[in-house]
Amino acid sequence: MASSLSFSTTGNYGSRSCMPVSGHGSDGCTFGQASFPKRSKSRELSIVSVATHLPAIVLPPSVSRKEVAKERKLVAWTSVRHERWEGELVVEGDIPQWLNGTYLRNGPGLWHIGDYDFRHLFDGYATIVRLCFENGHLMMGHRQIESDAYKAARKSNKLCYREFSEVPKYDNFLAYIGDLAKLFSGASLTDNANTGVVMLGDGRVVCLTETIKGSIVIDPSNLDTLGKFEYSDSLGGLVHSAHPIVTDSEFLTLLPDLLNPGYVVARMEPGTNERKVIGRVDCRGGPSPGWVHSFPVTEHYVIVPEMPLRYCAQNLLRAEPTPLYKFEWHPESKGYMHVMCKASGKLVASVEVPLFVTFHFINAYEEKDEDGRVIGVIADCCEHNADTTILDKLRLQNLRSWSGKDVLPDARVGRFRIPFDGSPNGELIDALNPDEHGRGMDMCSINPAYLGKKYRYAYACGAQRPCNFPNTLTKIDLEEKKAKNWHDEGAVPSEPFFVARPGATREDDGVVISMISDKNGEGYALILDASTFEEIARAKFPYGLPYGLHGCWVPKS
Ligand SMILES: CC1=C(/C=C/C(C)=C\C=C\C(C)=C\C=C\C=C(C)\C=C\C=O)C(C)(C)CCC1
Ligand SMILES: [Fe+2]
C-alpha cells in the first residue's frame, strides 16, 4: 500500500460541494490556482501542493486499511491531508451579505514527520485556514506555515527543534553535547507558530505560539509565510503569553521571567516592532512563574495571573516529556492574581486565590461602587477545576482512542473577584452552573467591543457527554446564567468566533463562525446567528481538516 507524500498540481477530488476556482476577489480574496488533490488509496497523509519548492516527504507503507478508516473518522486528530488547497465552497443556507472579510484560524495540523508520529495535540506543525466571505460567497484555503522548524523537518525528514512534548533525537552523545549551547540559549526551541493568529492595529497578520521567536507574519490573502516578526527591543526572554491583547491601538503582552521569577507587562504601538515595558510583577510563590497562556485586561488594568501550574526550566531542557511537559504543579505555592495599572505600571492589588488551572481568560471588567469608584475587578476564565489532567487528555493517543466513556474532565466558567480594598484574598466561583454547558468549557470568544468592559455573552466549546473532548458550541449568558448549545453528533467544533454586524448596538448582534471536523473524514464551516445561536449557513470542505485552535477576523479593507 503506497503511502507516499507526493506533490501534484492536478487532480479531482470528486466532491460536488466545493469548487476549485481561479480568479481574483475584490478584497484580498485571491482565488488562486486551486486544484483538487487525488484521493490516494491508503493513509492519505500525502502532502499535495499546488505550487511549492519544498521536497516531498515519504512515509513508509506502515498503515493498514483498518487504521486508515479509523483515522478518517477522527479527522480532528489526523494530520492535514494535503499541504495546501484553495477553492470556493458551496454554501447551504444564507451567509449574511454584510459578512465581508476573512476569518483565519491557526492550529497544529500536521502531527508526523517521516514515519514518526508526534505525541501531543500541541506538537503539530501549524496549519492555517482561511474562510474568505464576500457578498454571500465563501472561499476556503489552507496551508502550512513555513516556520524554520517545519522547513527543517521537511528537509531532513526528522524533528529538528523542541516542540511542546517532542524533542529532537540526537544520533549520538557527541551530537548532544555539541547542541547543549543551543539548548541553553533557546536556539533549539521551536518557532512553530501553531497556536493563534492576530491582526495588529497596522494590519500586519502574525501567527503566534509561546516562544517569542515563533511570531511569524503571513499574508492573509494567500496564506504565504512572509517572514519572522522581529521584535526590535531588547526585552529578551524565550517565551511569552500565546495570547497578546490586540486592539486597533495596542498590543499588550506578558513575558514570564524564568530567571528572576516574575512577569514583565509590555506594550507595542501599531506600526512598530518595539515592545515597551509597562511594569513588572514579582511572583509570590513557587520556584518559577506560573504558566501564562493568556491573561485578561480591563479598561485601566492588566491582570497578571500566577497559576500554581508553573514553568519548569529543567523540563524545558529534558529529553523526554514529563507528565506535565514543560510545567510542574505546585499547589503548596498557591495561586495569585495581580492587578497592574496600565498607565503607571504600578501594582494596585495582589491577592491569593483558590488553586486554579486555566489556559484561556474570557474577559475582565472593573466593578464600581455607587460613586463610580473602582472597588475591584472581575476576571472570567475557562477553569479546569484546578485539575491538570486535561493536559494528558489532550495527548493524541487519548484523543484517537476514545472508547465511548465519559472521560473529559469537568470545566467551568471560573469567575475571579479581586478586591481593591487591601484584602489578602480574592474569590473564585462558578459564573453559572457548569451543567448548563455539560461541564466542558474552553476555547472562548466575546464581542471584541466589550473587551475589558462589563459584558453579558461569551461563546465557547462545551460538552455533550459522554465525550473525551469539548464537542458543543455554547453561548453563555452571564446575566441570565444560562447557555444555548449547538451539537452535531460525532463532530468536533473549533473555537466559536464572534463577528459583529457592522453598526450593531446589541452585544450579540452578529454571527459566530466555527470550523467543524466531522465524522467520516469530513468537515465544514458553520455560521450561527449569534443571537439565536441557530445555524444560518454551512459549507462543506473538500475533505475534513484537523482540529484548530484560535482565529482572528480580517475585515474587508
Ligand atoms: C507551552 C509551551 C510551548 C507550546 C505551546 C503550544 C504549542 C500550545 C499551547 C496551546 C494551548 C494551551 C491550548 C489550549 C487548548 C485547550 C483546549 C482545547 C482544552 C479543551 C478542554 O476542555 C512551547 C512553544 C513549546 C514553548 C514552551 C512552552
Ligand atoms: Fe490558546
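Residues numbered from 1 in each chain as written. Chains lettered and ligands numbered in written order. Predicted model: local features only at pLDDT ≥ 70, side-chain atom pairs only at ≥ 80, totals over all residues. Heavy atoms only, no water.

Overview of the site of ligand 1
Defined as follows: Whether a residue is near a molecule or strand depends on its heavy atoms: if one lies within 4 Å, it is near. Residue exposure ignores everything except the shown protein chains as possible cover, and the areas themselves are Shrake-Rupley values with a 1.4 Å probe. Definitions used throughout: a 1 Å grid over protein atoms alone; a cavity as a set of points that fits a 1.4 Å probe which cannot get out; a pocket as an open set with protein on both sides within 12 Å along at least five of seven lines; a lining residue as one with an atom within 4 Å of a point. For a cavity or pocket, the test is whether more than half of a molecule's atoms lie within 2 Å of its grid points; if they do, the molecule sits there. Counting from the N terminus, the helices are the DSSP runs of H or I reaching at least four residues and the strands are the DSSP runs of E reaching at least two. Residues are grouped as follows: nonpolar covers Ala, Val, Leu, Ile, Met, Phe, Trp, Tyr, Cys and Pro; charged covers Asp, Glu, Lys and Arg; every other residue, Gly included, is treated as polar.
Not every one of the 21 residues close to ligand 1 is listed here, only the nearest: Phe122, Asn194, His293, Ile390 and Pro470. When ligand 1 sits alone it has 700 Å² of accessible area, and the protein chains cover 99% of it. Comparing atom positions with the cavity grids shows ligand 1 to sit within the largest cavity. Elements represented by at least two residues in the shell around ligand 1 include exactly β24 (358–368) and β28 (442–445). The residue inventory of the shell around ligand 1, partitioned by class, reads eleven nonpolar, seven polar and three charged.

Quick notes on the UniProt feature "binding site: Fe cation" (unreviewed entry) in the chain
For clarity, the threshold we go by: UniProt positions are given in the numbering used here, feature names are shortened, and annotations may be inferred rather than shown by experiment. With a 1.4 Å probe rolled over the protein chains alone, any residue whose accessible area is under 20% of its type maximum counts as buried; one over 50% counts as exposed, and the rest are partly exposed. We call two residues in contact whenever any of their non-hydrogen atoms come within 4.5 Å of each other. Polar contacts, as counted here, are pairs of nitrogen or oxygen atoms within 3.5 Å of one another; within protein the pair requires one atom able to donate a hydrogen and one able to accept it, and residues that are adjacent in sequence qualify only if both atoms are side-chain atoms.
Under the UniProt annotation, "binding site: Fe cation" (unreviewed entry) lies at His243, His293, His360 and His550. The annotated residues occupy 308 residues of the chain but converge on a single region, no pair of C-alpha atoms lying more than 12.4 Å apart. Put simply, the named residues that line the largest cavity are His293, His360 and His550. Along the chain, the position of His360 falls in strand β24. Assessed through its relative accessible area of 6%, His360 is described here as buried. The residues contacting His360, other than those within four sequence positions of it, are His243, His293, Ser294, Cys381, Cys382, Asp442, Met443, Cys444 and His550. Side chain to side chain, His360 and His293 meet in a polar contact 3.1 Å long. Locating His550 in the fold gives a position in the loop between β36 (535–540) and β37 (551–555). Other than its neighbours up to four places away in sequence, His550 contacts Leu104, Arg105, Asn106, Thr195, Gly196, Val197, His243, His293, His360, Met443 and Glu495.

Comments concerning the coordination of the iron ion (ligand 2)
Ideal values for angles at a metal depend on the geometry: 109.5 degrees with four tetrahedral donors, 90 or 180 degrees with six octahedral donors. Inclusion rule: Water is absent from the atoms considered, so a metal site may look incomplete; donors are defined as N, O and S atoms within 2.8 Å of the metal, or 3.2 Å for Na, K and Ca. Square planar and octahedral assignments, for four and six donors respectively, both demand that opposite donors be over 155 degrees apart and that all other angles lie between 65 and 115; tetrahedral needs four donors with all angles between 85 and 135 degrees, and anything else is irregular.
Around the iron ion (ligand 2), the protein supplies His243 (NE2), His293 (NE2), His360 (NE2) and His550 (NE2) as donor atoms, at distances of 2.0 to 2.1 Å. Each of the four donor atoms bound to the iron ion (ligand 2) contributes to angles spanning 93 to 161°, and the resulting shape is irregular. All donors to the iron ion (ligand 2) come from one chain, and their sequence spacing reads H-x49-H-x66-H-x189-H. One end of the pair, His293, is in the loop between β18 (275–282) and β19 (301–306); the other, His550, is in the loop between β36 and β37, with 257 residues separating them in the sequence. By the burial criterion, His293 is buried, and His550 matches it.

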